[in-house]
Every structure is written in C-alpha cells, then in structure tokens.
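# A look at the structure
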Amino acid sequence: MAAKKTASKNGIAKAWGGVFTEKTDKRMELFSESISYDQRLYKEDIAGSIAHARMLADVGILTPKEFDLIRKNLKEIEKEIESGAFEFTTEKEDIHMHIEAELTRRLGDAGRKLHTARSRNDQISTDMRLWVRGAIDTLCALLRDLQNAFVSRCDRDFDVILPAYTHTQRAQPVLAPHYWLSYCEKFERDRQRLLDCRKRVNVLSLGAAACAGTSLPIDRAKTAEYLGFDQVGRNSLDISGDRDFAAEFAFDLAQIAIHLSGWAEEWIWWSTCEFNFLRLPQAFCTGSSIMPQKVNPDTLELIRGKTARTVGNLQSLLVLLKGLPQAYNRDMQEDKEPIFDSFDTVRASLELAAPLAAQAELNRGAIAARINAGYLDATSLMEYMIRAGVPQRVAHGIVGRLVRSAMERGIRLSEIPLDEMRAAAPEIGEDVYRYLDAAGAVRAMKSYGSTAPAEVKKQIRWWKKQLQR
Ligand code: ARG
C-alpha cells in the first residue's frame, strides 16, 4: 500500500495520492500552493459545489439525502470560514481541496462523491467566473456613485466658466458642468465595457471536467440555471482553459484606472497655487512633516500612482496567457493575484474618488479673475466672421492678427475698439462684443454636445434620468 504510506508520511493525504509513491517536496508544496490567495474564492467555490451537487441529485448520481447533507455541510463550512475559525494549510494547496477535505471529514462517502463529473480545472474556472461577475456588479455600482458625485454638482456649479485646455494650453471657455459630465461619459464607457465583458464571463464551464467532458449523465443546463449563467460553454476543451474573460476584465480595470488617473492629474494641477481653481477636502489630503503650510493632494496622487499596477497586472496576464496550449495549464493559477490586485485597487480608488469629486469646492473668485486671460474667445470671434460671410481661413488669419495686436498691448479682444475691428474686417458689426469674452463665447455656442448652456442643461437632465435607473 505505497500510496497510503506516502500519504501518512506526508501528513495529509493528497487528493491525487493513488499513482504516487514519492511524497511531495516541501519546496514544491510552497511553490505551488494557491490557498494563501484563492481562499477569497470560498463563497464562489461553495456556491459552485452546491449547484453541482444539486444537478448530480437531479440526474440520480447523488440521492436527495446525500445532496441535503452536502448542501447543509457546505453552508456550515462557509460560516466557519467567514468566522475566521477555519484552518488553512499549504499542504491542502487550494480552496477546492480545503472545502472538499472538510466536507469529507464531516460526511465520509457522501463528501467523497461531490467531485463526481468535475475537475479542479472546470471548478476554478467556475469560481473565477462567479467572482469576476460579482466584481463587475460591484464596480458598476461604484462607477454609478462616481457619476452621481459629478452630476450632483452640476446645478451648483452651473454659472462657473472654466477654461478648457488642449495641449495644456488655454483653448476655449466651457461651463463647469460640461467638465463634470465629460468625466461621466468616460466612466459610462467603462461601465458599458464591464457589462459587455460580463456576457463572456457569464458562461458555464462546470461539466467540462478536466478537458473532454464526462461519460456520466450530467445536465449542464441545470447547473447553469442554478448558478445564473446565461450560457453553457459549448466546447469542453475551450471553456476549461479560457481565460480571455480574465484578460478582458483586467483591461477594463486598467482603463478605469487610466481614466481616474487623468482626472486626478487635472485636479492636482487645479488645486495648485498656480491654478487655484479648486479647494480639495482636507479629509482626503495630508500635510507635510516639515513644511507647516502644506496640504498635499495624496488621495489623487495615489489614485494616479496606483494606475501603474493595474497596467502591470494586465501585462502580467497577457504574458501569462501567451503561448499556452489548449485546455487547462497550471500557469493559469497565476491569473488570480493580478486580477484581485487590480480589482482591489480600482475599487478603493473609486470609493475615494466619489466623495472627493462631490466635496471639492471651486474657487469661483480666482477662476473668474483669470477666465478672460488667454484669448479663449478668439474662436468665437472667428466664427462670428464666418457667419458674416468671411471664409474660415481668411477669418482665422484676421483674428490671429487681432490677437497679436491685443497681446502686444496687453488688452482683451473685447477691449479693441470697433473702428479698429472694422479696419481689420468690414464685416464686423457692433454686435460683435456680445460674442466676446468667456461668457460671450459660451453663450454663442449652439451645436449638439457643445458647452452651450441650453445643451448642457439638456445633458444634465439626461444624466439625472439615466442615474435614476
Ligand atoms: N489552484 C489551481 C488554479 O488556480 C486550481 C486548478 C488546479 N488544477 C490542477 N489540475 N492542478 O488554477
């Protein structure tokens, strides 16, 4: 009885004991364990096992009594893990082995039947799919919270005009809510991307078993129904080794982090003495240990900084999957830590971003004092001339010369006298001043999706309705 001898020498019997005559090297055991991080899949693992056992009972592989016992004990094990009383050991490698071993310790043969018509290959894939599905739902709710934070300030900030920048140079004036809703759009695309990814996540792999399926009379449609999966994986070889969903999810997370990092960067500048547009809530800042005057935007800096790991995690996953032959390979165990880390990072970032976005205060006086610097209304003057019949290229040149002359004299376009304007272009009438300065330029806007006040009002209404759903 070589296997038994191996097992007892080894402390804990390995689930694959039969064919082995040598015990596992301790170094290998530590190298290959995943329990230190896959224990966070316990709920999904138990849910998957209960659904699987229920299906096995449906098709007569388990008796109703065995199923009841299995379900009841799995639920108890779940409570024990939740309470922190459950003992994890690297000898039992992963979450699947821990739960099955405990079930068998409690139930004997009924526990030994649970792993019928399944393998850890389809089991881990199922656990991850369930976990990612839950993570997507959490993220979608957090993205909504952040969108709500931006929308919640639109009415309050409606009368504030901010400079829009291109190339980090002052470009055109926009209403503050136009900025707030521009962030909402980005996070909406992120939400839609997650929901789209969810379709490919929500496919049943259980029943693919190791790679080829099973000769036992299982009913995979039932398992899918019990677990809320929309589809059953069509090809056992494919679905048991598919990790596209993990890579896709990691991309979605990195993209959210990248969006957050751009916003964080912008607000870090805006809170500087040089910009002085924003006062950040102190609850999300820290001070300096040496310079008494400092209030540093650490939350935003870390949201920006932690983006790096989400990009690294995506890279890790893609490289991990490169060149893997069909079906399950142990390499795939390495998908978990990057996924968990990206999720934890983005979740924490979103949880902080929402209150910070809602609570930061615009420094209206400082913004207003400088909003007419930088000739933000030059395009408005050019478009006025186009409306008066001047070809765009000609108007562009004339306004360029007017801007240069105003710059040399240190005045605004609106301060150039009418006769001088008319000397530059006789098409200009005295109504031109209505279209100048930041306020005039914003008021003149018309196009769909522009910063025209009427358009922005429409968009705010649209978003409010959207967010009520
Ligand atoms: N811990 C493994 C993973 O995360 C579970 C599947 C192991 N399968 C196997 N045949 N060794 O991928």
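Everything numeric in this text was worked out from a predicted model, so none of it was measured.

Burial runs high along helix 19 (residues 437-444): six of the eight residues are buried. Looking at the buried residues of helix 19, the elements they touch are strand 1 (161-166), strand 2 (169-175), helix 16 (378-387) and helix 20 (453-468).

Here we come to the site of the ligand. By nearness alone, every residue bordering the ligand is listed as Ser 34, Asp 94, His 96, Arg 120, Asn 121, Ile 124, Tyr 328, Arg 330, Gln 333 and Lys 336. For the ligand, a nitrogen atom lies 3.1 Å from a polar atom in the side chain of Asn 121. Tyr 328 is positioned with one of its side-chain polar atoms (N or O) 2.4 Å from an oxygen atom of the ligand. Tallying contributions element by element places helix 8 (residues 120-152) first for the shell around the ligand, with three residues. Here the shell around the ligand is composed, by residue class, of two nonpolar, four polar and four charged.

Here helix 4 (residues 42-58) spans 24 Å end to end across 17 residues, near enough to the 24 Å set by a 1.5 Å rise per residue. The element helix 4 is extensively covered by neighbouring structure, given that 13 of its 17 residues are classed as buried.

Moving on: the confidence of the model for the chain. Residues with a pLDDT of 70 or more make up 97% of the chain, whose mean pLDDT is 96. Predicted confidence for residues 1-10 stays below pLDDT 50, and this span has 13 contacts to residues more than four positions away or in other chains.

Okay, the pattern of salt bridges next. Scanning the entire structure with this criterion turns up 39 salt bridges. For Lys 336, the salt bridge identified is with Asp 335, shortest N-O distance 2.9 Å. Per residue, the accessibility class of Lys 336 equals that of Asp 335, and both read buried.

Each value, and the rule that gives it
Residues numbered from 1 in each chain as written. Predicted model: local features only at pLDDT ≥ 70, side-chain atom pairs only at ≥ 80, totals over all residues. Heavy atoms only, no water. Buried < 20%, exposed > 50% of the residue type's maximum accessible area, 1.4 Å probe, protein only. Helix = DSSP H or I, 4+ residues; strand = E, 2+ residues; numbered from the N terminus. Contact = heavy atoms within 4.5 Å. Near = heavy atom within 4 Å. Polar contact = N/O pair within 3.5 Å; in protein donor to acceptor, adjacent residues only side chain to side chain. Nonpolar A, V, L, I, M, F, W, Y, C, P; charged D, E, K, R; others polar. Expected span 1.5 Å × (residues − 1). pLDDT = per-residue confidence, 0-100. Salt bridge = Lys/Arg side-chain N within 4 Å of Asp/Glu carboxyl O.

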